[in-house]
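Descriptive structure summary
These are the residues of each chain, in order.
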Amino acid sequence: MGDLTTNRSSVTGTAPVLVASNRGPVSFSTADDGTLILRRGGGGLVSGLSAIDDPNAVWVCAALNDSDRRAAAEAPDGRLDLAGHDVGGQAVRMLDIDPQTFARAYNGVANSTLWFVHHLLYATPTAPSFDAGFRTEWAAYRAYNEAFAGALAREAAPNAAVLVQDYHLSLAPALLREARPDLRIGHFSHTPWAPPEYYRMLPDDVARAVLTGILGADRAGFLTERWARAFAACCADLLGATVDHDALTVTFEGRTTSLGVHALGADADFLRERSHRPDVDERLAALRAAVGDRRTIVRVDRTELSKNIVRGLQAYRHLLRTRPEWHDRVVHIAFAYPSRTDLAEYRQYTAAVQDLAAAIDAEFATPGWQPLILHVDDDFPRSLAAYRLADVALVNPIRDGMNLVAKEVPVVSDHGCALVLSREAGAHAELKDAALTVNPYDVIATADALHTGLTMSREERADRTERLAAAATALPPQQWFLDQLNAL
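Residues numbered from 1 in each chain as written. Predicted model: local features only at pLDDT ≥ 70, side-chain atom pairs only at ≥ 80, totals over all residues. Heavy atoms only, no water.

1. Considerations on the packing of helix α5 (residues 132-155) against helix α8 (residues 204-215)
Put simply, α5 and α8 touch, their axes get as near as 12 Å, and they point 20° apart. Relative to α8, the element α5 lies roughly parallel. In this structure, the crossing between α5 and α8 has a hand that is left-handed. Here Phe134, Arg135 and Trp138 of α5 come into contact with α8, specifically with Asp205, Val206, Ala209 and Val210. By residue class, the composition of the contact of α5 with α8 is 5 nonpolar, no polar and 2 charged. (Axes fitted to C-alpha atoms, helices over the stretch in contact; angles between N-to-C directions. Helix = DSSP H or I, 4+ residues; strand = E, 2+ residues; numbered from the N terminus. Parallel < 35°, antiparallel > 145°, perpendicular 65-115°, else oblique. Left-handed = near helix turned anticlockwise from the far one by under 90°. Contact = heavy atoms within 4.5 Å. Nonpolar A, V, L, I, M, F, W, Y, C, P; charged D, E, K, R; others polar.)

2. Digging into the sheet that holds strand β15 (residues 392-395)
The strand order β14-β13-β12-β15-β16-β17 describes an open sheet built from 6 strands, whose pairing is parallel. What marks the edges here is a single partner per strand, and that holds for β14 (372-375) and β17 (436-438). Within the sheet, the average angular offset between the axes of one strand and its neighbour, ignoring direction, is 15°. Pairing geometry for strand β16 (residues 418-422) and β17, over 3 bridges, is parallel. Note on β17: the bridge partner recorded for Leu421 is Thr437. (Pairing = 2+ DSSP bridges.)

3. A few points about the packing of aromatic side chains
Within the structure shown, the criterion is met by 14 aromatic pairs. Seen in terms of ring centroids, Phe222 and Phe231 are 5.3 Å apart; in terms of plane orientation they differ by 40°. Their pairing is tilted. Residue Phe222 is classed as buried on the basis of its relative accessible area, which comes to 0%. With relative accessibility at 0%, the residue Phe231 sits in the buried group. The ring of Trp326 is capped by Arg329, whose NZ or CZ atom sits 4.4 Å from the centre of that ring. (Phe/Tyr/Trp six-rings, centres within 6.5 Å; stacked < 30°, edge-to-face > 60°. Buried < 20%, exposed > 50% of the residue type's maximum accessible area, 1.4 Å probe, protein only. Lys NZ or Arg CZ within 6 Å of the ring centre and 35° of its normal.)

4. Considering α8
For α8, built from 12 residues, the straight-helix expectation of 16 Å at 1.5 Å per residue is met to within 8% by its first-to-last C-alpha distance of 17 Å. Taken residue by residue, α8 has Val206, Ala207, Val210, Leu211, Gly213, Ile214 and Leu215 as its buried positions. (Expected span 1.5 Å × (residues − 1).)

5. Side note on the environment of Pro196
Note on placement: Pro196 falls in helix α7 (residues 196-199). Measuring from C-alpha to C-alpha, the distance between Pro196 and Leu114 comes to 14 Å, with 82 residues separating the pair along the chain. Aside from chain neighbours lying at most four places away, what touches Pro196 is Ala233, Cys234 and Asp237.

6. As for the pairing of β14
Bridge count between strand β13 (residues 330-337) and β14: 4 bridges; the pairing is parallel. Across the sheet, Ala334 pairs through a bridge with Leu374, a residue of β14. In this fold, the crossover linking β13 to β14 by way of helix α13 (residues 344-364) has right-handed handedness. (Right-handed = clockwise from strand over helix to strand, strands pointing away.)

7. Things to note about the nonpolar core
Among the nonpolar cores identified, the biggest contains 173 residues, and Trp193, Tyr199 and Ile333 are the most heavily contacted of them. Leaving out residues up to four positions away in the same chain, Trp193 has contacts with His118, Tyr199, Val210, Leu211, Ile214, Phe222, Trp227, Ala230, Phe231, Cys234 and Arg399. (Core = buried A, V, L, I, M, F, W, Y, C linked by side-chain atoms within 4.5 Å.)

8. Some points on the pattern of salt bridges
Pairs can form between side chains of opposite charge once their charged atoms are near each other. Counted by the stated rule, this structure contains 33 salt bridges. Residues Glu363 and Arg321 are paired through a salt bridge, measuring 3.0 Å at the closest nitrogen-oxygen approach. A residue pair is termed long-range when its members are at least 10 positions apart, and Glu363 in helix α13 and Arg321 in helix α12 (residues 309-322) qualify at 42 residues. Exposure remark for Glu363: the relative accessible area of 39% places this residue in the partly exposed category. On the accessibility criterion, Arg321 (48% relative accessible area) is partly exposed. Each of Asp77, Arg79, Asp81, Arg93 and Glu155 takes part in salt bridges that share partners, so that together they form one network. (Salt bridge = Lys/Arg side-chain N within 4 Å of Asp/Glu carboxyl O.)

9. Remarks on the side chain of Asn145
Looking at where Asn145 falls in the secondary structure, it is placed in helix α5. Side-chain polar atoms of Asn145 contact the backbone nitrogen of Leu171, separated by 3.1 Å. (Polar contact = N/O pair within 3.5 Å; in protein donor to acceptor, adjacent residues only side chain to side chain.)

10. Considering the pairing of strand β4 (residues 58-62)
Burial within β4 is extensive, with 5 of its 5 residues counted as buried. The alternating pattern of β4 places Val58, Val60 and Ala62 on one face and Trp59 and Cys61 on the opposite face, and all of these are buried. Examined bridge by bridge, strand β1 (residues 15-20) and β4 share 3 bridges and lie parallel to one another. Directly across from Leu18, in β4, lies its bridge partner Val58.

11. Brief notes about the packing of α5 against helix α6 (residues 172-179)
Direction vectors running N to C along α5 and α6 enclose 45°, while the axes themselves pass 9 Å from each other. Taken together, α5 and α6 sit at an angle that is classed as oblique. The element α5 and its partner α6 pack so that their crossing is right-handed. For the pair α5 and α6, the contacting residues are Arg142, Asn145, Glu146, Ala149, Leu152 and Ala153 in the first and Ala172, Leu175, Leu176 and Ala179 in the second. A class-by-class count of the residues in the contact of α5 with α6 yields 7 nonpolar, 1 polar and 2 charged.

Rendered as structure tokens:
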């Protein structure tokens, strides 16, 4: 980290507020004629940053593909806004990190190691196995974090506020603190946090480095109190840090980091407006035609291992096997969008979802009834149409930092929707009083909850939906972001 520390007092930029995340607000592709095509992204962070009314704020992100790298390389010091790209009124600095370094950091450590640990996904008889290959990936992860810390140090004005996002950048706060001790630094974890006994699976030095990296921040934010307390427990257990459980602080080697809880909510205004545009109405008409006058169970997920799609399908199969009164009276609409197709486990999981869906149709379908509609391509308007149509929404993750689908469906629902919700979703902390809670591993109990949701009276569904929507929108993205910024 020498280039950062040697210039620690002499290099400052002009940005009073900075955000750092792996994925930025824009991405690029290349047209047939070789020109770059820019696509604006969505989500909580994009909405949140729009709350900052300062043209000097900077978003630092990584180039994710060859077109991104070309755009970054052609822009002055990676600043897309200075190259004339329409990046939404923000300054965006895209880092052209060596593709091999990026791949090892992103796939090898962030998504195949830290994600698996925090979501408790390992099949432990065979994985993980931290060998020499992992050490190469860990070195790349550190280099990737150093690239971000260096860029942030150069862009930040004196005493600027820096909000570092997620498990990709867990080392960056301490690296940035070393380079720029004047900055106010926050880190936010969008994932769950593993309990100490599971977190200890990581090599000892790696486990400590991730914790001390985040403790380089003045404030570490989490989606729920449960995840914040799990992080604190890891700090106490592995580092011997002092935890103040009442004040929610962690003190280590003379520095105290405050832990904050910010339960990201759904953007109600955007969702309600977007869900009634013509493209959504068109898809809703098509779904209604396919479903007829039958009840609907809806799920919308990425084919992410933690989302538990296979057990959800098993629960639906159990419902049809044990409650034949639902034959020809219900349709399960399952949208499972491809995720992390670079990783073999994810390709295999997507195939397992498709195989089970085909088996359910083969077992139960009749000439006039298709019991399951499965799509594995991403179509946001179609997802919104399914939200509007749902009688029951199934959200049953093994473990989830929050799960915004659980919050979005009640906001968009046309006629009220029963929510079958895993107790392992972060959203459960806020929504449990109006949801049907399930153990995500219990297929039979999940099938029973689906039956309860399907037989619930229209009045009860409407009442529950109203309560769910109120809880789901309590902290919309802009306020979520500003709360963290103000806390710094």
